[in-house]
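Architecture at a glance
Chain residues, written in single-letter form:
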Amino acid sequence: MTVQKAEQVLNRFYKYLFNELEDMKYISEKDFFTKHSSTYYHRGQWKKRKKVVERVESLFTVIPPNYTPPQRVKHIPSYVFQEMLNICDIHYPHLKLALCLQAFGGLRRGEVCNVSRNNISYRMFGKDLGWFTIDLREKVQLRTDGKDVGGIKKRRIQPIHPVFLKLFQEVYDQHMKLIAHIDNPYGAIFLNRDGEAMLDSSYETFFKNIVDLVLEKLCKRGDFKSASEAKLLMSGRVGTHILRHFFTQFIAELETTRSPIEVAYWRGDGSLDSAIAYFAQHPVIDEKIKKIQEKVFDKIVF
């Protein structure tokens, strides 16, 4: 129960007691009613009149606690992401591709749930995946009950970054074999136990379970690296959006990535704000910029 609901219940309870007892030592009738003046038009003039409005006023002054919610964890290393995939192999094989779409293509939670057989395109170069895209320009129905599986923040065609294609191909093939026997009329590829398209809220719940299992696994190992990563996961809130940050972090640190414009393109952003903010805040990017500046300086001097 929220503080507001508790306040409403208590107010109604005291109003009930007041009506039953007809007299209370510290509460009077005026505490339950508010009086305000209304106006009416009479003989060419506006006049005021008093009117009692039966509206229960709050008997309490609610002072919210001095509580600051934990900050969201924004970055995870490849080591932790690999542990997430390992947990998926054991407990949630039907979600491994979902994690990879976020980590290798920067999709948001709702966008992942909108992926279907009808909005994916790819080209094979021999036995290897040459490119893979998800068409997120239109939102279509994916459930027989009409429920919305999740939102699409930015309408676009989203590619999987080339550096991830080899691993992505392996995970994609595994997933399609996993759901090959399920005939979903809308072509949805992330399904619940009833064969309906998965809701983004369900995906979020499963993701939190995956994080909890990773945390449990890291804590049991006892080595310094695992303990450090466990401390990172416990330092704040971990949601599905962390995989989009993982994607941003990875492509921004690539030697071939030269500007925020490229990062914004691969993220599918509508502006450069997020990419520029990331470049400005990330220490690894600062080191990358320093190395480029040193190279330029050396060429100028020598």
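This write-up is about the structure you can find in this document.

Basis of the calculations
Residues numbered from 1 in each chain as written. Predicted model: local features only at pLDDT ≥ 70, side-chain atom pairs only at ≥ 80, totals over all residues. Heavy atoms only, no water. Helix = DSSP H or I, 4+ residues; strand = E, 2+ residues; numbered from the N terminus. Buried < 20%, exposed > 50% of the residue type's maximum accessible area, 1.4 Å probe, protein only. Contact = heavy atoms within 4.5 Å. Core = buried A, V, L, I, M, F, W, Y, C linked by side-chain atoms within 4.5 Å. Salt bridge = Lys/Arg side-chain N within 4 Å of Asp/Glu carboxyl O. Pairing = 2+ DSSP bridges. Arc of directions from axis to C-beta. Axes fitted to C-alpha atoms, helices over the stretch in contact; angles between N-to-C directions. Left-handed = near helix turned anticlockwise from the far one by under 90°. Nonpolar A, V, L, I, M, F, W, Y, C, P; charged D, E, K, R; others polar. Parallel < 35°, antiparallel > 145°, perpendicular 65-115°, else oblique. Phe/Tyr/Trp six-rings, centres within 6.5 Å; stacked < 30°, edge-to-face > 60°.

Before going further, it helps to spend a moment on the overall build of the chain. Scanning the chain for helices and strands turns up 11 helices and 5 strands. Buried positions account for 39% of the 302 residues belonging to the chain. Taking contacts inside the chain between residues at least 6 apart in sequence as the whole, the part at least 24 apart equals 63%.

Of all hydrophobic cores here, the largest spans 66 residues; its most connected members are Phe81, Met84, Leu99, Leu101 and Phe168. Look past the residues within four positions of leucine 99 in its chain and what remains in contact with it is Phe81, Met84, Leu85, Cys88, Tyr203, Phe207, Ile210 and Leu243.

Going through the model one piece at a time under the given rule, you end up with 13 salt bridges. Put simply, glutamate 83 and arginine 221 hold a salt bridge, and the shortest N to O gap is 2.9 Å. With a gap of 138 residues between them, glutamate 83 in helix α2 (residues 78–90) and arginine 221 in helix α6 (residues 200–221) connect regions that are remote in the sequence. Since its relative accessible area comes to 6%, glutamate 83 is described here as buried. With a closest N to O distance of 3.7 Å, arginine 109 and aspartate 200 form a salt bridge. Here arginine 109 is found in helix α4 (residues 109–113), whereas its partner aspartate 200 is found in helix α6, with 91 residues between them in sequence. A single network of salt bridges, built from pairs that share partners, joins Glu83, Lys217 and Arg221.

Relative to strand β4 (residues 128–135), strand β3 (residues 120–125) runs antiparallel, the two being bridged by 6 bridges. Bridged to methionine 124 within β4 is leucine 129. Where β3 folds back onto β4 in an antiparallel hairpin, the turn is made up of 2 residues, including glycine 126, whose phi is positive at roughly 75°.

When helix α9 (residues 260–267) is considered as a whole, its buried residues turn out to be Val263, Ala264, Trp266 and Arg267. End-on, the buried residues of α9 take up no more than an arc of 165°, which puts them together on one face. In α9, the exposed residues that point more than 90 degrees away from the buried face are Ile261 and Tyr265. Positive backbone phi, at 75°, marks glycine 268, one or two positions downstream of α9.

Where helix α8 (residues 241–252) meets α9, the axes come as close as 10 Å, and the angle between the chain directions of the two elements is 145°. Crossing angle aside, the handedness with which α8 passes α9 is right-handed. Two secondary-structure elements touch here, α8 through Arg244, Phe247, Thr248, Ile251 and Ala252 and α9 through Val263, Trp266 and Arg267. By residue class, the composition of the contact of α8 with α9 is 5 nonpolar, 1 polar and 2 charged.

Structurally, histidine 175 is set in helix α5 (residues 165–178). Excluding anything up to four places from it in sequence, histidine 175 contacts Pro93, His94, Leu97, Ile189 and Phe190.

Turning our attention to the packing of α2 against α8. Each pair of packed helices can be described by the angle between their axes along with the distance between the axes. Their axes nearest at 11 Å, the elements α2 and α8 cross at an angle of 135°. Taken together, the axis directions place α2 and α8 in an arrangement best described as oblique. By crossing handedness, the relation of α2 to α8 is classed as left-handed. On α8, the residues touching Ser78, Phe81 and Met84 of α2 are Leu243, Phe246 and Phe250.

The next subject is the packing of aromatic side chains. Inspection of every chain in the model, using the stated rule, returns 13 aromatic pairs. When the ring of phenylalanine 246 is compared with that of phenylalanine 250, the centres are 6.2 Å apart and the planes differ by 40°; the resulting orientation is tilted. Of the two residues, phenylalanine 246 and phenylalanine 250 are both situated in helix α8; the distance of 4 residues between them amounts to about one turn of the helix. Phenylalanine 250 gets classed as partly exposed once you look at its relative accessible area, which sits at 28%. Put simply, the rings of Phe81, Phe104, Phe164, Phe246, Phe247 and Phe250 pair up and form one aromatic cluster.

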